[in-house]
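# Structural description and commentary
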Amino acid sequence: MLIVPEREIADLMTREAAFDAVEKVFAAMASGDAYNFPVVREAIGHEDALYGFKGGFDRAGLTLGLKAGGYWPNNLEKRQIINHQSTVFLFDPDTGKAKAMVGGNLLTALRTAAASSVSIKHLARKDARVIGMVGAGHQAKFQLRAALETGNFEKVIGWNFHPEMLPNLEEVASEAGLPFEAVDLDGMTEADVIITITSSFEAILQADHVSPGTHIACMGTDTKGKQEVETALLGKARVFTDEVAQSVSIGEAQHAIQDLTIHIEDVAQLGAVINGTNPGRTSDDEITLFDGTGVGLQDLAVAAAVVDLAVEKGIAIEVDF
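A brief report on the enclosed structure follows. (Residues numbered from 1 in each chain as written. Predicted model: local features only at pLDDT ≥ 70, side-chain atom pairs only at ≥ 80, totals over all residues. Heavy atoms only, no water.)

## Side note on the packing of aromatic side chains
- Scanning the model with the defined rule gives 5 aromatic pairs in all.
- On the numbers, 6.3 Å between centres and 55 degrees between planes, the contact of Phe 26 with Phe 290 is tilted. With Phe 26 in helix α2 (residues 15-31) and Phe 290 in strand β17 (residues 288-291), the pair connects residues that are 264 residues apart, well separated along the chain.
- On the basis of relative accessibility, which here comes to 1%, the residue Phe 26 falls in the buried class.
- Among the residues examined, Phe 290 registers a relative accessible area of 0% and is labelled buried.
- Measuring from centroid to centroid gives 5.6 Å for Tyr 35 and Phe 37, while their planes differ by 65 degrees, and the two rings are edge-to-face.
- Look at Phe 37 and you get partly exposed, because its relative accessible area is 31%.
- Three or more aromatic residues joined by ring pairs form one cluster here, namely Tyr 51, Phe 53 and Trp 72. (Phe/Tyr/Trp six-rings, centres within 6.5 Å; stacked < 30°, edge-to-face > 60°. Helix = DSSP H or I, 4+ residues; strand = E, 2+ residues; numbered from the N terminus. Buried < 20%, exposed > 50% of the residue type's maximum accessible area, 1.4 Å probe, protein only.)

Okay, here's the thing in structure tokens:
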């Protein structure tokens, strides 16, 4: 079995490689060549942690495995390590033998950012110039860096529950040579693209905060009860997702399904847009929304790419297992 430690990931996986891996696996999911296993995600009753498993099998890429991990909200304050902790395990689909164990923390951040940026590439207006961020934590910096590489953006605006964290967004905007402006939620109407990346259990972004023609990537809702946008916004938008079953059960669409604002047939796979079997955006004044729930196949795709790079560079550690 091969081991690729967390400390090696930063030198192996680029945003571009993560984007390519995620885009391909979304397409494979929509064509039926890949599927995710049911998600297990539980509050363990210790350290306020959420822990679980996401896995799947990609027949096209012959990638089989799972990611184990979750969210420990006290890590940063108590232990000076990030709150999200995870490890990816890959298995040989021909034999079932353990093939690789890969540090999953940075990979999770990169694949999550890649998912929203794939949605921006395929659903946002080509003339989008202002990007809005709702949320300014650790993951928001990854989201913004990846998103800025998908178009010709000219300005970044941002809002966060804790305004003292907004310099995180300003730092990334400055790196890209763009101006940054802190706004209230009403100011989000200026944005052509909005990314929500919070851990909220109450709707933050309202329908009247969003202008016609906006693309929204909702990236924070991945658990029952979480919610970042009001259901009326999904009712006004064309809704796309990574995995429909997750979207309507643990994603942003769960609430709109429950209150009958939308129905399951209103939620389409982003992979179908990539494959050309769904037209995606059909007009410049249409609101599009991507419900990024985070699927196991994303983790497996980026982990498999990392293992290949680690072997190529002689970094992978081989152990008997």
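## Things to note about the pairing of strand β9 (residues 155-159)
- Taking burial as the measure, the 5 residues of β9 include 5 buried ones, the bulk of the element.
- Of the two faces of β9, both are covered, the one formed by Lys 155, Ile 157 and Trp 159 as well as the one formed by Val 156 and Gly 158.
- Relative to β9, strand β8 (residues 130-134) runs parallel, the two sharing 5 bridges. Along β9, the bridge assignment pairs Gly 132 with Ile 157.
- Handedness of the β8-helix α5 (residues 138-148)-β9 crossover: right-handed.
- With 3 bridges connecting them, β9 and strand β10 (residues 180-182) associate as parallel partners. Across the sheet, the residue bridging to Ile 157 is Glu 181, located in β10.
- For the segment spanning β9, helix α6 (residues 167-175) and β10, crossover handedness is right-handed. (Pairing = 2+ DSSP bridges. Right-handed = clockwise from strand over helix to strand, strands pointing away.)

## Thoughts on the packing of α5 against α6
- Remark: α5 packs on α6, axes separated minimally by 9 Å, with the N-to-C direction vectors making an angle of 25 degrees. In terms of axis orientation, α5 runs roughly parallel to α6. Seen along the crossing, α5 lies across α6 with a hand that is right-handed. Within the contact between the two elements, α5 uses Ala 140, Lys 141, Leu 144, Arg 145 and Leu 148 and α6 uses Asn 168, Leu 169, Glu 171, Val 172, Ala 173 and Glu 175.
- For the contact of α5 with α6, the per-class residue count stands at 6 nonpolar, 1 polar and 4 charged. (Axes fitted to C-alpha atoms, helices over the stretch in contact; angles between N-to-C directions. Parallel < 35°, antiparallel > 145°, perpendicular 65-115°, else oblique. Left-handed = near helix turned anticlockwise from the far one by under 90°. Contact = heavy atoms within 4.5 Å. Nonpolar A, V, L, I, M, F, W, Y, C, P; charged D, E, K, R; others polar.)

## Examining α2
- Taking 1.5 Å of rise per residue, the 17 residues of α2 would be expected to cover 24 Å, and the 24 Å separating its terminal C-alpha atoms lies within 8% of that figure.
- In the segment just after α2, Gly 32 is the residue with positive phi, at about 85 degrees. (Expected span 1.5 Å × (residues − 1).)

## Some points on the nonpolar core
- Counting residues in hydrophobic clusters, the biggest one holds 67 residues, and the most contacted among them are Phe 26, Val 102 and Ile 131.
- For this core, the element with the highest residue contribution is helix α4 (residues 105-123), accounting for 10 residues.
- Not counting residues up to four positions away in its chain, the partners in contact with Phe 26 are Ala 115, Val 118, Asp 242, Leu 270, Gly 271, Ile 274, Phe 290, Val 295 and Gln 298. (Core = buried A, V, L, I, M, F, W, Y, C linked by side-chain atoms within 4.5 Å.)

## Considering the sheet that holds β17
- Strand order in the open sheet made by the 8 strands is β10-β9-β8-β11-β13-β17-β15-β16, with parallel pairing throughout. Each end of this open sheet is capped by a strand with a single partner; those strands are β10 and β16 (267-269). Here the strands of the sheet are splayed against their neighbours by 20 degrees on average, with no regard to which way each runs.
- Across 4 bridges, strand β11 (residues 193-196) lies against strand β13 (residues 215-218) in parallel orientation. Counterpart to Ile 194 in the pairing with β13 is Ile 216.
- Here α4 sits on the sheet and contacts β11, β13, β15 (238-241) and β17; the angle it forms with β13, its principal contact strand, is near 160 degrees.

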